[in-house]
Amino acid sequence: MMRTRQHQWRCSDVTFHCPNQGLCEQWITVINEQLSLLTNRPKSLLVYINPYGGKQRGKRIYEQKVAPLFHRACISADVIVTEHANHARDHLKTEASLEKYDGVVCVGGDGMFSEILHGLVTRVQTDHGVDQNQPDAELVPCSLRIGIIPAGSTDCICFATVGVNDPVTSALHIIIGDSQPVDVCSVHHKDIFLRYSVSLLGYGFYGDLLTDSERKRWLGPARYDLSGLKTFLSHNYYEGTISFLPAEDAVGSPRDKLQCRSGCHVCQHKLSSKDKQWDISEREKPDKDGSGWNVMRGKFIAINAANMSCACPRSPKGLSPSAHLADGTLDLILVRKCSRLDFFRHLLRHINTDDQFDHSFVEVHRVRMFHFQPLYQESISLDDLNETPKKTGCSPMCPAPTACSYNTIYSSWTCDGEILPHAAIQVSVQCQLIRLFARGIEEQ
Ligand SMILES: CCCCCCCCCCCCC/C=C/[C@@H](O)[C@H](COP(=O)(O)O)NC(=O)CCCCCCCCCCCCCCC
Ligand SMILES: Nc1ncnc2c1ncn2[C@@H]1O[C@H](COP(=O)(O)OP(=O)(O)O)[C@@H](O)[C@H]1O
Ligand SMILES: [Ca+2]
């Protein structure tokens, strides 16, 4: 293995010259013995390929770039090409014989990763009798590591944990058995489990952008740019109340320059003090009068909860450049109502070196839990939604019935690129619930 440019790895050959055949065979035996002692390396993998992710190249990428490397590394792989959405999730949840494998690999984008995440985490909780509907349940970590071969549209989870979206690099991280713990957020609505998230939970701008982009799937990855422009031009804001529990005991803060890198001290500190932290979070459970909780009501263009930097090729520093992969916190970014020009300036700072939090209308908090409640009760059932909202669909609090269409008073949450069915949600971070075949981004 050798490093090339920008976090990208390639295979390299090393040739040993040997004076005689006997010695050569001895070398081979010893090398194989030493390799078999490396217990971190997976020997057997379960691979799911989404043939329709990104530019629909998942199958080819796996067959041409990844399978030959697994073969050379003596890794056996059972491959499932998915036939429909949720195929991988449901297979993992109930059918897959997980005891046969050292890891699960997903070939696709963030949506496909999300399927694997839900399948695995749900399977482990079911096996251990943990009720996922309980927002304060202590979830059982997954022992199987997950590998991501990027073949999607954004591939933010791969980019933010490896530093590059490159199938060969990801395959090499899997082969050498790297391990990167990652926090997982659990999302509930009124004590009913909705979803898990590892990258972005976004309401307002990113929720609207994603909702619109789903109608343009045929465009491939370019759908996000078109929907981004459209959402930017519509310039909506949404009213609601956001309550959050600040991570006061956390080592870092969102505006320090301590970026999460391989062997991150902030995340390691979290690891060594994990038991202590559990006590603290026990004490700080929402005790209804809200001690320790901050409550803010306002008009927001965007509410973004970043559990990791959300770096991706579109924004190499990401939504929250100093967010950590495994510190048990997420960065809550509130963008209040502002002019189009100001919001554009803020967006632009995701792709240049200026600080995107240095605006009067933007604030950022490092938190362990948060709740969101839209201003108007969600009296309109999602099933009833149609183009012309019925009069009865308006809550009595709604100021002007004409303005009371679902589309303008509510946004939706995007959760790692999937739309949530409710706007009122409760979120809490589950520290280091999963591990990836990665090592974090290496310092250059
Ligand atoms: C002026 C340029 C502003 C660029 C701002 C870029 C910010 C990008 C932050 C992206 C965070 C991504 C977080 C991860 C999301 C993914 O999980 C999720 C699913 O991925 P999958 O399709 O692989 O399954 N992907 C997404 O939600 C897509 C996010 C795409 C963001 C594109 C933003 C484009 C904004 C364009 C604004 C245009 C303003 C133009 C004014 C003239
Ligand atoms: N065989 C399939 N047919 C249709 N949809 C699928 C299939 N396999 C997975 N999916 C779904 O496709 C969606 C997008 O997948 P993803 O790999 O994230 O690509 P992209 O990055 O382009 O969005 C996910 O929601 C996933 O559940
Ligand atoms: Ca985190």
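Figured I'd write up the structure that's included with this text. Small disclaimer: the values here were computed from a predicted structure and weren't measured. (Residues numbered from 1 in each chain as written. Chains lettered and ligands numbered in written order. Predicted model: local features only at pLDDT ≥ 70, side-chain atom pairs only at ≥ 80, totals over all residues. Heavy atoms only, no water.)

### Notes on the coordination of the calcium ion (ligand 3)
Thought 1: Within the protein, the atoms that donate to the calcium ion (ligand 3) are Asp 183 (OD), Asn 307 (O), Asn 307 (OD1), His 324 (O), Asp 327 (OD) and Thr 329 (O), at distances of 2.3 to 3.0 Å.
Thought 2: Classification of the site at the calcium ion (ligand 3) as irregular follows from its six donor atoms and the range of 64 to 148° in their angles at the metal.
Thought 3: Each donor residue of the calcium ion (ligand 3) lies on one chain, and together they are spaced D-x123-N-x16-H-x2-D-x1-T. Of this pair, Asp 183 sits in strand β7 (residues 180–189) while Thr 329 sits in the loop between β11 (294–306) and β12 (330–336), placing them 146 residues apart in sequence.
Thought 4: For Thr 329, a relative accessible area of 2% translates into the label buried. (Donors = N, O, S within 2.8 Å, 3.2 Å for Na, K, Ca; no water. Tetrahedral: all angles 85-135°; square planar, octahedral: opposite > 155°, others 65-115°. Helix = DSSP H or I, 4+ residues; strand = E, 2+ residues; numbered from the N terminus. Buried < 20%, exposed > 50% of the residue type's maximum accessible area, 1.4 Å probe, protein only.)

### What about the pairing of strand β4 (residues 76–81)?
Thought 1: Pairing of strand β3 (residues 44–49) with β4 involves six bridges; the strand directions are parallel. By the bridge assignment for β4, Ser 44 is matched with Ser 76.
Thought 2: In terms of handedness, the path from β3 via helix α2 (residues 58–72) over to β4 forms a crossover that is right-handed. (Pairing = 2+ DSSP bridges. Right-handed = clockwise from strand over helix to strand, strands pointing away.)

### Observations concerning the nonpolar core
If you look at soluble globular proteins, the nonpolar side chains tend to sit buried side by side.
Thought 1: The biggest cluster of nonpolar side chains holds 45 residues, and the ones touching the most others in it are Tyr 48, Leu 92, Phe 113, Val 198, Ile 434 and Leu 436.
Thought 2: Ranked by the residues each element gives to this core, the list is headed by helix α4 (residues 110–127), at seven residues.
Thought 3: No fewer than three residues from each of domain 1 (2–178) and domain 2 (193–256 + 287–377 + 390–432) sit in this core.
Thought 4: Here Tyr 48 is in contact with Ile 80, Ala 88, His 91, Leu 92, Ala 96, Val 104, Val 105, Cys 106, Val 107, Met 112 and Ile 116, once residues within four sequence places are set aside.
Thought 5: Formed by 29 residues, the second largest nonpolar core is a distinct cluster that contains Tyr 238, Ile 242, Phe 300 and Leu 334. (Core = buried A, V, L, I, M, F, W, Y, C linked by side-chain atoms within 4.5 Å. Domains from an automatic or database assignment. Contact = heavy atoms within 4.5 Å.)

### Structural notes on the layout of surface pockets
Thought 1: Of the volumes computed, that of the second largest pocket is approximately 1,000 Å³.
Thought 2: Considering the residues around the second largest pocket, the lining is formed by 26 residues, among which Ile 31, Leu 35, Arg 41, Arg 72 and Ala 73 are closest to the centre.
Thought 3: By residue number, the principal contributor to the lining of the second largest pocket is helix α1 (residues 21–37), which donates seven residues. (1 Å grid on protein atoms, 1.4 Å probe; cavity = no way out; pocket = protein on both sides within 12 Å on 5 of 7 lines; lining within 4 Å. Points joined across faces, edges and corners; volume = space filled by probe spheres on them.)

### Some details on helix α3 (residues 87–95)
Thought 1: Of the residues making up α3, those classed as buried are His 87, Ala 88, His 91 and Leu 92. Taken end-on, α3 shows its buried residues confined to a sector of 125°, consistent with a single buried face.
Thought 2: In the core, the buried residues of α3 are packed alongside β3, β4, β5 (103–108) and α4. (Arc of directions from axis to C-beta.)

### Things to note about the site of ligand 1
Thought 1: Around ligand 1 there are 27 residues in total, and Asp 110, Gly 111, Thr 154, Leu 210 and Tyr 224 lie nearest to it.
Thought 2: A distance of 3.4 Å separates an oxygen atom of ligand 1 from a polar atom in the backbone of Ser 153.
Thought 3: Between ligand 1 and Thr 154, the relevant distance is 2.9 Å, taken from an oxygen atom to a main-chain nitrogen or oxygen of the residue.
Thought 4: Coverage of ligand 1 by the protein chains reaches 87% of its 940 Å² of free accessible surface. (Near = heavy atom within 4 Å. Polar contact = N/O pair within 3.5 Å; in protein donor to acceptor, adjacent residues only side chain to side chain. Areas by Shrake-Rupley, 256 points an atom, 1.4 Å probe, with all protein chains shown as cover.)

### A few points about the packing of α3 against α4
Thought 1: Direction vectors running N to C along α3 and α4 enclose 15°, while the axes themselves pass 8 Å from each other. Taken together, α3 and α4 sit at an angle that is classed as roughly parallel. In this structure, the crossing between α3 and α4 has a hand that is right-handed. Residues His 87, Ala 88, Arg 89, Leu 92, Lys 93, Thr 94 and Glu 95 of α3 touch α4, and the partners they reach there are Met 112, Glu 115, Ile 116, His 118, Gly 119, Leu 120, Thr 122 and Arg 123. (Axes fitted to C-alpha atoms, helices over the stretch in contact; angles between N-to-C directions. Parallel < 35°, antiparallel > 145°, perpendicular 65-115°, else oblique. Left-handed = near helix turned anticlockwise from the far one by under 90°.)

### Things to note about the site of ligand 2
Thought 1: Ligand 2 sits among 20 residues. The nearest are Gly 54, Gly 109, Gly 111, Glu 115 and Ser 153.
Thought 2: Between ligand 2 and Ser 153 there is a distance of 2.6 Å, counted from an oxygen atom to a side-chain nitrogen or oxygen.
Thought 3: At a separation of 3.3 Å, an oxygen atom of ligand 2 approaches a polar side-chain atom of Glu 418.
Thought 4: Isolated, ligand 2 exposes 570 Å² of accessible area, and the fraction of that covered by the protein chains is 86%.
Thought 5: Tallying contributions element by element places α4 first for the shell around ligand 2, with four residues.
Thought 6: Of the residues belonging to the shell around ligand 2, the class tally is four nonpolar, ten polar and six charged. (Nonpolar A, V, L, I, M, F, W, Y, C, P; charged D, E, K, R; others polar.)

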